[in-house]
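Understanding the architecture of this molecule
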Amino acid sequence: LPCSLLQAVTLCMWVVRLPSFLCLLALYVVFPSAWPHSNRASDYSGFLLGDEEDSEQAAIRTREWSSSLIHAYSGNVVARKRAVPYVLLSLVVGTCAILLMGLLGLLLLTDRPGMSLGALGLISASSSQIENGLSRQHAPSTQAANEHGLGEVGKADTRDPPCLVRELSSVGQFLVLSAGVALPLVLVCAIVLGVLLVLFCMLLTSSGRKEGNDERMTARRSKTGDPYGQPLRAYDGGGRFEPGCNRVWLFDTTLRDGGQTRGVDFSVADKIAIAQALDDFGVDYIEGGWPGANPTDTLFFSGASKSLQLKHAKLVAFGMTRRAGCRALDDPGLSEVLRAPTDATCIFGKTWDFQVETALKVSLEENLCMIGDSVRAIVACGREPMFDCEHFFDGYKGNPDYAVACARTAHEAGANWVVLCDTNGGSLPDEVHRIVCSLRTRVKGIRLGIHCHNDCGLAVANSLAAVAAGARQIQGTINGLGERCGNADLVTIVANLSLKTDFELGMDKDKVKSLKHLSRMLDERLGRVPNQQAPYVGDAAFAHKGGVHASAVQRDPRTYEHVVPGVVGNARQFVVSNQSGRSNVLVRLREMGIALDAKDPRMGRLIDEVKAREFEGWSFDRAEASFELLARRVLKEVPFLFRVASFRVVEERRQARIVYDSSAGHAHACADTGHDASHIEATVRIEAEAAALTHVSSSASPVGAVESALRQALVGIFPALRGVRMKGYCVRTLSGASCSNAYGAAEGVPAVLPDSPSADRVGGAQEGSGAVRVLVECEDADAESGPWRTVAVSSSVLDAFVLAYCDAMVWRLLRA
């Protein structure tokens, strides 16, 4: 019997691979990208089917596959629910096949089947009775053989085989016969069923992408109002590091790391205003700076408790570990950080052995002591301790044991968060995912954060990869501010986590609608031109310029938009340009209240006019008022209101009262020094049906003088223009060179204000240098409508400015 069982088990071991392979195949269909490398599927199937392979390599591949399956597609609840019944059914079929094969093995592979079946309780009589019955049944045959002289040989040759089934109980007979007949059918059916299950999985997976035919997708749309589909779910099984595993904490470091951006210099008032806005938005931690590192940060923290009224966020002070050779409390830098009145303290330390030995010039053991002592000092002060593992990913690639030892030391010392930093910004998402998974496996219970730089343009992707691997704190900055190429953009990260996953953030979901407002607030505070192509919040994020795109978006926005623009506070725009078709033009006309049929001949003339002017250098992308005037002129809807008969600009040199002193480095008042300054005077003549006016105005710049004269003359004829003011203008040479404006940019938000020193002599600088394009932005203080923009092209800056400015006045008169 033991030998027979061993043979049966050996036979069953091959059979057990069949349901395993079917399970794997079903999972591969539901999770097609879960394999580490698609071209290695044969390796995994070969391993499961019993091909010879090095055991260590097989174990590594199995761990890679399981880790990738769990973490890369862990959030897909829909796919997981689909896979479970198929896997369970495959296991049931495989188990039945194993039992039947074991039973057959007991029947066929033993020389004493009666004993085996008796042991299983399937025989009605004892084994001795069976053997006696067999002897009696065969006795006549033996006697007949002796009579014929066959002897012992005849006994063996003529004895009838035992009829074992007759001695079985009814249950035993049924099972034996069923096994013998049904086993081949069961094996064939198992294979066929596995193939059908795979095809069924493929059918469900493909049909799940058809939103119109998916009832669950329709139910979600009606519930959430989101027509863009089912978000991925956060992984909630296996290796949780805390009960609320879907919760992600946002750590904003705009005021500290963002302050290292080239051209950015925060004042104390800036830091207070930005910190208050971040708290209102709902971030969890606000890193205010490094106390003691510079006067601004020191003053900010000294007055933060009085000036800031944080309702949600925790204020964090930043610093570094203690110096080598001294106690933590005796280190002046760390002591200054610990004295800051904050809720939490975040310090950084080296985790790359190369940095420890090259930059710090201390031993690896001493660096571990520095990390542990510093974290324990924070704990002793009653602050929430956090540790930034500087250069962690580079250190892990070079010496993984030491990098892990640094993180483990901080964790065991009491760090509430251990933040992994891609300080050089050179890691790839798959590396980040793999390393975070490995660290969570090697250091149990550790709470991980992620801090990525954007040197490879992957800061956001790396941050999301770390979250997928188990990190639950993300450090970043608003609009991606930061040293070199910047940090991970929290605006993009918040939008992705809120709209694309089911991870929970510590804020109301309605706050996502204020993402664009938060982004613009920071740009305006710093005087920076907003990034028009910023994901989610850029002006061009949902702007459609191509005719094919615009036509499709009008039918269904999902064709070229991944989310509804309004959920992030943005809006859809249809840009009119030389690449536009009828769809773009029709949409813009409808927005302006102009009814025009697509087959109207005037539509063709309007499109031709737009393309011709774009070829000359005009740009209607942002000059919506100019496009409306062009359309109405083609449609003969613009009456005669006024004309500029002439204008003249005179520049006069006078003695200056403001001079530049090189020793002082700034201007100061001084009388009668003999230095010259320019005084510019503009004279404008306006003719209208009712009257004609000539007005003279002076300013420090040609554009300022002309604008002042035009405005005062037009207000005298059209009182409705009394509240109109020019917000700014922008000049661009069409040869590619650009005039600088107040913010050092040629396009974007018009920023050169009249009468500002930066606008001085802009007209004379461009005379005779080729065609220039001028964009003018105006607003009306007496109207609720927002600003409007007009554009014009000429060989002279002043000519182009007069054309654009007068168009802005005409547009306002038509809307009055």
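Higher on the page you've got the structure.
Anyway, here's the lowdown on the structure attached to this text. (Residues numbered from 1 in each chain as written. Predicted model: local features only at pLDDT ≥ 70, side-chain atom pairs only at ≥ 80, totals over all residues. Heavy atoms only, no water.)

So, on to the packing of helix H24 (residues 601-616) against helix H25 (residues 624-634). Put simply, H24 and H25 touch, their axes get as near as 10 Å, and they point 135° apart. Judged by the angle between their axes, H24 and H25 are oblique. In this structure, H24 crosses over H25, and the sense of that crossing is right-handed. Packed against H24, whose contacting residues are Arg-602, Arg-605, Leu-606, Glu-609, Val-610 and Arg-613, the element H25 presents Phe-627, Leu-630, Ala-631 and Val-634 at the interface. Looking at the contact of H24 with H25 residue by residue, the classes come out as 6 nonpolar, no polar and 4 charged. (Axes fitted to C-alpha atoms, helices over the stretch in contact; angles between N-to-C directions. Helix = DSSP H or I, 4+ residues; strand = E, 2+ residues; numbered from the N terminus. Parallel < 35°, antiparallel > 145°, perpendicular 65-115°, else oblique. Left-handed = near helix turned anticlockwise from the far one by under 90°. Contact = heavy atoms within 4.5 Å. Nonpolar A, V, L, I, M, F, W, Y, C, P; charged D, E, K, R; others polar.)

Moving on, we come to unusual backbone geometry. Residues other than glycine seldom take positive phi values, yet His-391 does so here, at roughly 55°. Looking at the secondary structure, you find His-391 in the loop between strand S5 (384-390) and helix H16 (392-398). Among the residues examined, His-391 registers a relative accessible area of 6% and is labelled buried. Even without a glycine there, the phi angle at Asn-479 is positive, about 65°. With respect to the helices, strands and loops of the structure, Asn-479 is situated in the loop between strand S8 (473-476) and helix H20 (490-500). (Buried < 20%, exposed > 50% of the residue type's maximum accessible area, 1.4 Å probe, protein only.)

Proteins that are soluble and globular tend to have nonpolar side chains buried together. Ranked by internal contacts, the top residues of the largest apolar core, which has 87 residues, are Phe-392, Val-418, Leu-420 and Leu-515. Ranked by the residues each element gives to this core, the list is headed by helix H17 (residues 400-413), at 7 residues. Leu-589, Val-610, Cys-778 and Val-797 belong to the second largest nonpolar core, which has 65 residues in total. (Core = buried A, V, L, I, M, F, W, Y, C linked by side-chain atoms within 4.5 Å.)

Now for the pattern of salt bridges. Once the charged atoms of two side chains with opposite charge are near each other, the side chains can pair. On inspection of all chains with the given rule, the structure shows 33 salt bridges. Of the charged contacts, one joins Asp-297 and Lys-271 as a salt bridge, the two residues approaching to 2.3 Å between their closest N and O atoms. Taken together, the positions of Asp-297 in helix H12 (residues 295-307) and Lys-271 in helix H11 (residues 268-281) put the pair 26 residues apart, joining distant regions of the chain. The class of Lys-271 is buried, set by a relative accessible area of 3%. When the shortest N-O distance is used, the salt bridge between Glu-390 and Lys-350 registers 2.9 Å. Pair noted here: Glu-390 is in strand S5 and Lys-350 is in strand S4 (residues 344-350), with a separation of 40 residues, a long-range link. The same class applies to Glu-390 as to Lys-350, namely buried. Several salt bridges converge on common partners, so that one network encompasses Arg-322, Glu-366, Asp-373 and Arg-376. (Salt bridge = Lys/Arg side-chain N within 4 Å of Asp/Glu carboxyl O.)

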